[in-house]
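# An overview of the molecular structure
Chain residues, written in single-letter form:
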Number of protein chains: 2
Amino acid sequence: MTVLEAVRPPTNDTEERLLDAALSLFAEKGYEAASVREIIEATGVTRPVLYYYCSSKEDLFKRLVHWKHDEAYRSLGKIIGGTKECVPRLRAILRGSFKFCATDPRVPRLMFQTHFGPTIPAIADFLAELAGMRFSIIQQVIQDGLDAGELAGSNSGALSLIFCCIMDQHINILSRMPEPGKYLTPELADSLVDVFLFGVSSKKVGSRK
Amino acid sequence: MTVLEAVRPPTNDTEERLLDAALSLFAEKGYEAASVREIIEATGVTRPVLYYYCSSKEDLFKRLVHWKHDEAYRSLGKIIGGTKECVPRLRAILRGSFKFCATDPRVPRLMFQTHFGPTIPAIADFLAELAGMRFSIIQQVIQDGLDAGELAGSNSGALSLIFCCIMDQHINILSRMPEPGKYLTPELADSLVDVFLFGVSSKKVGSRK
DNA sequence: CGTGAAACCTAACGATCGTTAAGTAAGTAC
DNA sequence: GTACTTACTTAACGATCGTTAGGTTTCACG
């Protein structure tokens, strides 16, 4: 059983402009604070037009998230498919995620704001399912790395959480900056993977207590 | 110039119950979605009582955040004062932060929800200043570690951001669980510091490209 | 030409929001 | 006793929210 039913992407031009305005406003002000009045004003249409294309504010939001999530999901799948070993995969995931988020920072802003912001009962399950899909992809990559002996440790869940903390929180914080593209660079992505792999200590691993 | 003026802590019993109810509801639903009606209902008083103690909803929120932030700030200062070297300090900061957040998970929930959730113009500057204070403490510890040769690298800001990403995102995610105390343990804190220092690779540092 | 669906409009609906005006009961000071 | 402060009360205010009933324009198709 899933809350992710098929959602058609926007076909009409007006509909896409609605979703794009909704993305800007939801990303900036959050689900509750962004009113349908603002969204339709930014689109340049009247209110019933929104309800002509969407059955409710919640439906508008879900369709928007689905639309952008599918893009991100395909992008991630392409990255995984193009590499084999764990470390290059992690590097590619981080570089790809940075690039994806720098291209349109409204998307990560929307995602993190709704995921870590106030719980909105109507969409909580929906968002949790999307987050779970993404995490399990990372976890599988990490698990493969453990199995192949590339990574040290036993708990792929804990390791994946650390990796996601570093990746997501950097995206979360840096995509809120005025020019996220200046910060979400491939160089930063690589240096983060290095820290994840080798740490920041000046001493050797042997000193680990 | 600062937006942090002196705010008196709650003196009256009713006032403290109001702030405590506000903490529960702001932490659960966020600043906008938690209405003053819910807060006064949870406290068991009538609406003008809230406006007798606070000049507005915004004032109530600021007083609440100030109240809990001061606790956290003193706790962090005590930790820094009790240790000298960088690595033990990082360990103590992470253990202490986990313990502080496990004691009352509503506090981190409130903090992260308002910090990473929808921007609320009225309180954005106020929250940014609090976050900046905390970050600069961490950065000073890291800078000391770089100066003393305990840590490798050159950019204390980038290193501090990585440390805060690991620490804060774990708190953020785990304090949302049903029983945060089961996850925010000293053992997890220590293992996170180990990863921060030595990484998760099974290979030696020399393989860093 | 006629018809029906698609795309849009004006104008309101009820509910909830933060806030406050105006009044009252209890305790303290002089 | 009377003036004053503290800690509340009832009852409303105007604004904004998501949503919709009902009508109008546009246009492809027979």
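Residues numbered from 1 in each chain as written. Chains lettered and ligands numbered in written order. Predicted model: local features only at pLDDT ≥ 70, side-chain atom pairs only at ≥ 80, totals over all residues.

This paragraph deals with the overall build of chain A. Across its full length, chain A carries 9 helices and 0 strands. Secondary structure elements of chain A, listed N to C terminal, follow the sequence α-α-α-α-α-α-α-α-α. Overall size of chain A, expressed as C-alpha extent along the three principal axes, is 65 × 40 × 30 Å. The buried share of chain A, taken over its 209 residues, is 37%. (Helix = DSSP H or I, 4+ residues; strand = E, 2+ residues; numbered from the N terminus. Buried ≥ 20, exposed ≤ 12 C-beta atoms within 10 Å, placed from the backbone.)

Before going further, it helps to examine the protein's contact with DNA strand C. Around DNA strand C there are 16 residues in total, and Thr46 and Pro48 of chain A together with Ser35, Ser56 and Lys57 of chain B lie nearest to it. Those elements giving two or more residues to the surface near DNA strand C turn out to be helix 3 (47-53) of chain A together with helix 2 (36-43) and helix 3 (47-53) of chain B. It is helix 3 of chain A that contributes the most residues to the surface near DNA strand C, 4 residues altogether. Along the lines of polarity and charge, the residues of the surface near DNA strand C split into 7 nonpolar, 5 polar and 4 charged. (Near = placed C-beta within 6 Å. Nonpolar A, V, L, I, M, F, W, Y, C, P; charged D, E, K, R; others polar.)

Our focus in this paragraph is the environment of Leu60 of chain B. All names here are of chain B. Its place among the elements puts Leu60 in helix 4 (residues 57-81). Its 20 C-beta neighbours within 10 Å are what place Leu60 among the buried residues. Distance in space between the C-alpha atoms of Leu60 and Val36 is 9.7 Å, their sequence separation being 24 residues. Excluding its chain neighbours within four sequence positions, the residues that come into contact with Leu60 are Ala22, Leu50 and Cys54. (Contact = placed C-beta atoms within 7 Å.)

This part covers helix 1 (residues 13-29) of chain B. Residue and element names in this part refer to chain B. Here helix 1 is 17 residues long and its end C-alpha atoms lie 24 Å apart, about the 24 Å a rise of 1.5 Å per residue gives. Along helix 1, the positions that sit buried rather than exposed are Leu18, Leu19, Ala21, Ala22, Leu23, Leu25, Phe26 and Ala27. On its buried side, helix 1 packs onto helix 2, helix 3, helix 4 and helix 6 (106-116). Residue Gly30 follows helix 1 closely and has a positive phi angle near 90°. (Expected span 1.5 Å × (residues − 1).)

The environment of DNA strand D is formed by 16 residues, the closest being Ser35 and Lys57 of chain A together with Thr14, Thr46 and Pro48 of chain B. Going through the elements one at a time, helix 2 (36-43) and helix 3 of chain A together with helix 3 of chain B are the ones with two or more residues in the surface near DNA strand D. With 4 residues, helix 3 of chain B is the largest single contributor of residues to the surface near DNA strand D. Tallied by class, residues from the surface near DNA strand D come to 7 nonpolar, 5 polar and 4 charged.

Of the transformation superimposing chain B on chain A, the axial component is 0.0 Å and the angular component is 180°, with the fit at an RMSD of 0.0 Å. Such a combination of turn and shift is consistent with a two-fold rotation axis. (Least-squares fit on C-alpha atoms with pLDDT ≥ 70 in both.)

What follows is about the packing of helix 5 (residues 86-103) of chain B against helix 8 (residues 156-174) of chain B. To characterise two packed helices, one gives the angle between the axes of the helices and the distance between these axes. Residues and elements named next belong to chain B. In the contact formed by helix 5 and helix 8, the axes pass within 10 Å of each other and the chain directions differ by 20°. Classed by the angle they form, the pair helix 5 and helix 8 counts as roughly parallel. For the pair helix 5 and helix 8, the sense of crossing is right-handed. From helix 5, Leu90, Leu94, Ser97 and Cys101 reach across to helix 8, where they touch Phe163, Met167 and Ile171. Here the residues of the contact of helix 5 with helix 8 are counted per class, giving 6 nonpolar, 1 polar and no charged. (Axes fitted to C-alpha atoms, helices over the stretch in contact; angles between N-to-C directions. Parallel < 35°, antiparallel > 145°, perpendicular 65-115°, else oblique. Left-handed = near helix turned anticlockwise from the far one by under 90°.)

This next bit is on the interface of chain B and chain A. In this complex, chain B contributes 36 residues to the contact, which on the side of chain A involves 36 residues. Here the element with the most residues in the side of chain B that touches chain A is helix 8 of chain B; it accounts for 8 residues. Looking at the side of chain B that touches chain A residue by residue, the class counts come to 17 nonpolar, 12 polar and 7 charged.

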